[in-house]
Amino acid sequence: MAQAALPVAPAAEDVQERIAAARRALGQRVVILGHHYQRDEVIRHADFTGDSFKLAQLAASHPEAEYIVFCGVHFMAESADILSAPHQKVILPDLDAGCTMADMAEIGQVEDCWDQMTAVVGQDVVPVTYMNSAASLKALVGREGGAVCTSSNARAVLDWAFRRKPRVLFFPDQHLGRNTGYRMGIPLEQMAVWDPNEDRGGLTEEQIRGARLLLWKGHCSVHNRFTPDMVDRRREQIPGVKVIVHPECRFEVAQKADAIGSTEGIIKTIHESPAGTKWAVGTELNLVSRLARECAPERQVVSLDDCFCVCSTMFRIDPPHLAWALENLVEGRLVNVVKVPDEMARQARVALDRMLEIR
Ligand code: 13P
Ligand code: SF4
């Protein structure tokens, strides 16, 4: 595959113009998808924006575009490759745009967990993987009768799974699993955490047998920063404030919040709230800052945290990388293609298709 050197620190306006020019030259041959955590200078070039669920649907429904340029992170680009048509190529402008949470569950560890768990409970368990996971994990889930979920449909997917079997192994985000399971009425005592760095997950056979929901010990480094104290502080600082958080936040934070939502859900809830509503939002800062600008002055929107709470891997997709990827396409060179091996993609697609069918 042809490679070209990245330009060094070009002026910001020049890069914006180069992206627009390459975009014009490519016309309908390219579709640019942008996740809500992308910075403004990137997301303004997206044809479509969304949360990870919506972007997966969009990738599956644009077969006219030869190229899907994905402004998001690696697991999202992999899912787009799996769901798009065979003639389409998915491009991630910076291949180092990964996800620290997805990296917390490696396929060998998950296979060990699955083997050890089924040795204890037999076939009485359904695997569910969060979208934020490598394609190899989605393939395992597809093979073993499970489904993928995202933060916007985790409840529906868990309902589906529990209609099939009495237990679920949920990975890699313990917080999404716990927050969702608890809201479905599963008591915390019926959940256990599998630590991949401990023998048999650090659990006894009794604990494995007693768990309806077995949660992988993984988390998002961005959402894990939010604490219950921050909720209290914002409530003191802004009388009447409503708190909305992403379900990747810790249980104690989610319990204190007024609402929980995926990135798309947070945007919709805040946009649809009555004028005068004040919101403190527990999610990535690029999204919160954009919302604050869009909603002012009718609604007040602030971050739950005072610190600079950005997703550093999402932030790797910057205008120079986007310009570079598009200009190479104009020149007929494919750079940073994300391609899941065929058999893995076939198995992972089973798990993704199940998710897309679950209502
Ligand atoms: P959404 O499913 O809400 O897009 O979230 C994806 C993600 O990575 C959040 O950290
Ligand atoms: Fe991964 Fe967290 Fe970034 Fe989402 S915000 S992409 S879970 S590191």
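Note: the structure precedes this text.
Keep in mind that what you see is a predicted model, and the values were worked out from it rather than measured.

On to the overall build of the chain. Per the secondary structure count, the chain includes 15 helices and 13 strands. Judged by the C-alpha coordinates and their principal axes, the chain covers about 60 × 55 × 35 Å. In the chain, which comprises 359 residues, the proportion classed as buried is 57%. Here the analysis covers contacts within the chain between residues at least 6 apart in sequence; of these, 68% occur between residues at least 24 apart. Carbon together with sulfur atoms contributes 49% to the accessible area of the chain, which is approximately 14700 Å² in total.

Cis geometry is adopted by the peptide bond preceding P172, which originates at F171 and carries an omega value of -5 degrees. By the element assignment, P172 lies in the loop between β7 (167–171) and α8 (174–183). Put simply, A296 and P297 share a cis peptide bond, and its omega is 0 degrees. In this fold, P297 is placed in the loop between α13 (285–295) and β13 (300–303). Look at R200: it is not a glycine, yet its phi comes out positive at around 40 degrees. As for its placement among the helices and strands, R200 is situated in the loop between β8 (191–194) and α9 (205–210). A residue is classified by how much of its surface remains accessible, and R200, at 33% relative accessible area, is partly exposed.

On to the site of ligand 1. Close to ligand 1 lie H35, Y37, D51, S52, N132, S151, H223, H246, E248, S262 and T263. Within the contact set of ligand 1, an oxygen atom lies 2.7 Å away from a side-chain nitrogen or oxygen of S52. Here H246 contributes a side-chain N or O atom positioned 2.9 Å from an oxygen atom of ligand 1. When the free accessible area of ligand 1 is taken as 300 Å², the share hidden by the protein chains comes to 96%. Its residues assigned to classes, the shell around ligand 1 shows one nonpolar, eight polar and two charged.

Viewed as axis vectors pointing N to C, helix α5 (residues 107–121) and helix α6 (residues 135–143) meet at an angle of 25 degrees, and their least axial separation amounts to 9 Å. As judged from the angle between their axes, α5 and α6 are roughly parallel. Between α5 and α6 the crossing geometry is right-handed. Of α6, the residues touching α5 (which contributes I107, V110 and E111) are S136, L137, L140 and R143. Grouping the constituent residues of the contact of α5 with α6 by class yields four nonpolar, one polar and two charged.

Moving on: a negative patch on the surface. Together, E111, D112, D115 and E144 make up a region of like negative charge exposed at the surface. Examined against the element boundaries, E111 turns out to sit in helix α5. E111 gets classed as partly exposed once you look at its relative accessible area, which sits at 33%.

With that out of the way, let us pick up the sheet that holds strand β9 (residues 213–216). The strands making up a sheet are joined through hydrogen bonds of the backbone, oriented either antiparallel or parallel. Taken together, the five strands give an open sheet; going across it, the order is β6-β5-β7-β9-β8, and neighbouring strands pair in parallel fashion. Across the chains shown, the open sheet's two edge strands, defined by having one partner strand only, are β6 (147–149) and β8. Going across the sheet, the axis of each strand differs from the next one's by a mean of 25 degrees, ignoring polarity. Looking at chain direction, β7 and β9 are connected through three bridges and run parallel. When the bridges of β9 are listed, V168 appears paired with L213.

The two faces of β13 differ: V301 and S303 on one face are buried, but Q300 and V302 on the other face are not. Bridge analysis of strand β12 (residues 278–282) against β13 gives four bridges, and the strand direction is parallel. Bridged to W279 within β13 is V301.

Taken N-terminus to C-terminus, the directions of helix α1 (residues 12–26) and helix α14 (residues 319–330) make an angle of 30 degrees; their axes are 9 Å apart at the nearest point. By the angle between their axes, α1 is roughly parallel relative to α14. Like other packed secondary-structure pairs, α1 and α14 cross with a definite hand, here left-handed. Of the residues in α14, those in contact with V15, Q16, R18, I19, A22, A25 and L26 of α1 are P319, P320, L322, A323, W324, L326, E327, L329 and V330.

In this section: the nonpolar core. Residues V128, F170, L213, I270, L304 and L326 are the most contacted members of the largest nonpolar core, which totals 128 residues. Those residues in contact with L213 that lie beyond four places of it in its chain are L158, F162, V168, F170, G177, G181, I186, Q190, M191 and A192.

Enumeration over the complete set of coordinates arrives at 23 salt bridges. Ionic pairing is found between R155 and D159, a salt bridge with its closest N-O pair at 3.6 Å. In this pair, R155 and D159 both sit in helix α7 (residues 154–164), four residues apart, roughly one turn of the helix. With a shortest N-O distance of 3.1 Å, R235 and D258 are connected by a salt bridge. Within this pair, whereas R235 is found in helix α10 (residues 228–237), its partner D258 is found in the loop between α11 (251–256) and β11 (259–260), the two being separated by 23 residues in sequence. Residue classification places R235 among the partly exposed residues on the basis of a relative accessible area of 31%. Through salt bridges with shared partners, a single network forms among R200, E205, E206 and R209.

Cut-offs used in this document
All residue numbers here refer to positions counted from 1 along the written sequence of the relevant chain. Chain A is the first chain written and ligand 1 is the first ligand written, with later ones labelled in order. Only residues with pLDDT of at least 70 get local features here, since the model is predicted, and only at 80 or more are side-chain atom pairs given and counted; chain-wide, interface and lining totals rely on the full set of residues. Hydrogens and waters are ignored; side-chain quantities use all the structure's heavy atoms. Numbered from the N terminus, helices here are DSSP runs of H or I no shorter than four residues, and strands are runs of E no shorter than two. Each residue is assigned to one of three classes by its accessible area relative to the maximum for its type, calculated with a 1.4 Å probe on protein chains only: buried under 20%, partly exposed between the two thresholds, exposed over 50%. Two residues form a contact once any of their heavy atoms are found within 4.5 Å. Only the protein chains shown count as cover for residues, and the accessible areas themselves come from Shrake-Rupley with a 1.4 Å probe. Residue proximity to a molecule or strand is established when one non-hydrogen atom of the residue lies within 4 Å of it. What qualifies as a polar contact is a pair of N or O atoms within 3.5 Å, subject to a donor-acceptor requirement within protein and to the restriction that residues adjacent in sequence count only when both atoms come from side chains. Note on residue classes: Ala, Val, Leu, Ile, Met, Phe, Trp, Tyr, Cys and Pro are nonpolar, Asp, Glu, Lys and Arg are charged, and everything else, Gly too, is polar. For helices, the fitted line uses only the C-alpha atoms of the stretch in contact; every axis is such a line through C-alpha atoms, and the angle between N-to-C directions lies from 0 to 180 degrees. Roughly parallel means an angle under 35 degrees; roughly antiparallel means over 145; roughly perpendicular covers 65 to 115; every other angle is labelled oblique. Crossing handedness is defined as follows: a turn of the near helix away from the far one that is anticlockwise and smaller than a right angle gives a left-handed crossing, while the clockwise case is right-handed. The residues that make up patches have over 30% relative accessible area and no salt bridge, and they are joined within 9 Å when like-charged or within 5 Å when they are Val, Leu, Ile, Met, Phe, Trp or Tyr. Salt bridge, as applied in this entry: a Lys or Arg side-chain nitrogen positioned within 4 Å of an Asp or Glu carboxyl oxygen. When charges are counted, Lys and Arg are positive and Asp and Glu negative, with His and the chain ends excluded. Where a charge lies is defined by one atom per residue type, namely NZ (Lys), CZ (Arg), CG (Asp) and CD (Glu). Pairing between strands requires that DSSP locate at least two bridges from one strand to the other. The criterion is simple. A nonpolar core is a set of buried Ala, Val, Leu, Ile, Met, Phe, Trp, Tyr and Cys residues joined through side-chain atoms within 4.5 Å.

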